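Structure assessment
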Amino acid sequence: MQRTEAGTACVAAFKPSFTRALYNAQVNVTGKHLSGLLLIKTMPDSSVRVVFSSEAGFTFFDFEWNKHAFKVHYIFSQMDKKPVIRTLRKDFELVLMRHLDAPGAYTLKEDETYYRVFPNGKDFYYYITDSACANLLQMERGSRKKKVVEAVMLAGNDGMPDSIGIKHHNFSFDIGLKRLYDIER
């Protein structure tokens, strides 16, 4: 890949605008399967909450991102491990596009594919577009040399994705989300 002068600001057009959306969630991690409902909601103070619960109402986790911080409101005791929380946090930050204001953003080009790169500490968030930045093809998180996770979003008509897929490459872990409907309250 070669560095190019193409800007990174165009990626903001793909940032999902979650008001309130409910997803059917399928999670597979190291041979175990969880399913349930995942709610993504923007709160009145502009923070974003992500709550994953079983169909019966048992909450697995409840996370919040505000302008400057990440907060765990609740996490099921068997999931309450720093690596699990860190992985889930980074996965959702990739999809929520939380690092688009990262200093030092740049663009790499490979054929007609453009990698819009947003560094954050040791992590690099890649938003892969076509040459005109008209389509978001894929999202990735990793280092400069190694892809750790990839995600895809199929956009809906209202700025919220109809489906989201997250797949890890360093261990067996994937998340599939399919939007059920909008929530009015």
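Residues numbered from 1 in each chain as written. Predicted model: local features only at pLDDT ≥ 70, side-chain atom pairs only at ≥ 80, totals over all residues. Heavy atoms only, no water.

1. A closer look at the layout of surface pockets
- The calculated volume of the largest pocket comes to roughly 520 Å³.
- Every residue lining the largest pocket is counted, 24 residues in all, and those nearest its centre are V29, L34, M79, V84 and F173.
- It is helix α1 (residues 82-96) that contributes the most residues to the lining of the largest pocket, five residues altogether.
- Each residue belonging to the lining of the largest pocket can be placed in one class, and the counts come to 18 nonpolar, four polar and two charged.
- By volume, the second largest pocket amounts to about 350 Å³.
- If you go around the second largest pocket, you meet 14 residues; those closest to its centre are K15, S46, L96, M97 and R98.
- Of the residues assigned to the lining of the second largest pocket, the class counts are six nonpolar, four polar and four charged. (1 Å grid on protein atoms, 1.4 Å probe; cavity = no way out; pocket = protein on both sides within 12 Å on 5 of 7 lines; lining within 4 Å. Points joined across faces, edges and corners; volume = space filled by probe spheres on them. Helix = DSSP H or I, 4+ residues; strand = E, 2+ residues; numbered from the N terminus. Nonpolar A, V, L, I, M, F, W, Y, C, P; charged D, E, K, R; others polar.)

2. Here we look at the state of the cysteines
- With the rule as written, the count across this model stands at one disulfide.
- Through a disulfide, C10 is tied to C133; the S-S separation comes to 2.0 Å. Taking the sign of the S-S torsion, 85° for the link of C10 and C133, the bridge is right-handed. Of this pair, C10 sits in the loop between β1 (2-4) and β2 (20-29) while C133 sits in the loop between β9 (123-130) and β10 (136-142), and the two are 123 residues apart along the sequence.
- On the basis of relative accessible area, C10 is assigned to the partly exposed category, the value being 25%.
- Residue C133 is classed as buried on the basis of its relative accessible area of 12%. (Disulfide = S-S within 2.5 Å. Buried < 20%, exposed > 50% of the residue type's maximum accessible area, 1.4 Å probe, protein only.)

3. Side note on the pairing of strand β7 (residues 106-110)
- As judged from the three bridges shared by β1 and β7, these two strands associate in the antiparallel manner. Within β7, the residue paired with Q2 across the bridge is K109.
- The pairing of β7 with strand β8 (residues 113-120) spans five bridges and is antiparallel. Bridging from a neighbouring strand, T107 pairs with R116 of β8.
- Where β7 folds back onto β8 in an antiparallel hairpin, the turn is made up of two residues, including D111, whose phi is positive at roughly 55°. (Pairing = 2+ DSSP bridges.)

4. Some remarks on the side chain of D91
- Along the chain, the position of D91 falls in helix α1.
- Since its relative accessible area comes to 0%, D91 is described here as buried.
- Setting aside chain neighbours within four positions, we find D91 in contact with R141, V149, I166, H168, F173 and I175. (Contact = heavy atoms within 4.5 Å.)

5. Examining the side chain of E150
- Turning to its location among the elements, E150 is positioned in strand β11 (residues 147-155).
- For E150, the side chain forms a polar contact with the side chain of H169, separated by 3.4 Å. (Polar contact = N/O pair within 3.5 Å; in protein donor to acceptor, adjacent residues only side chain to side chain.)

6. Side note on the packing of aromatic side chains
- Taken as a whole and judged by the stated rule, the model has 16 aromatic pairs.
- Between the aromatic rings of F18 and Y23, the centroid separation amounts to 6.4 Å while the plane-to-plane angle is 70°, which identifies the pairing as edge-to-face. Here F18 and Y23 have matching classes, each one buried.
- Geometrically, the ring pair formed by F58 and F76 is edge-to-face, given 4.9 Å between the ring centres and 85° between the ring planes. Linking F58 in the loop between β4 (48-53) and β5 (59-65) with F76 in the loop between β6 (70-75) and α1, this pair joins segments that are 18 residues apart in sequence.
- Classification of F58 as partly exposed rests on a relative accessible area of 37%.
- Three or more aromatic residues joined by ring pairs form one cluster here, namely F52, F58, F60, F61, F63, W65, F70, F76 and F92. (Phe/Tyr/Trp six-rings, centres within 6.5 Å; stacked < 30°, edge-to-face > 60°.)

7. A word on the nonpolar core
- Ranked by size, the top nonpolar core spans 42 residues in total, and within it L38, F61, F92, Y127 and M139 carry the most contacts.
- Apart from residues no more than four positions distant in its own chain, M139 is found in contact with L94, V95, M97, Y126, Y127, V149, E150, A151, V152 and M153. (Core = buried A, V, L, I, M, F, W, Y, C linked by side-chain atoms within 4.5 Å.)

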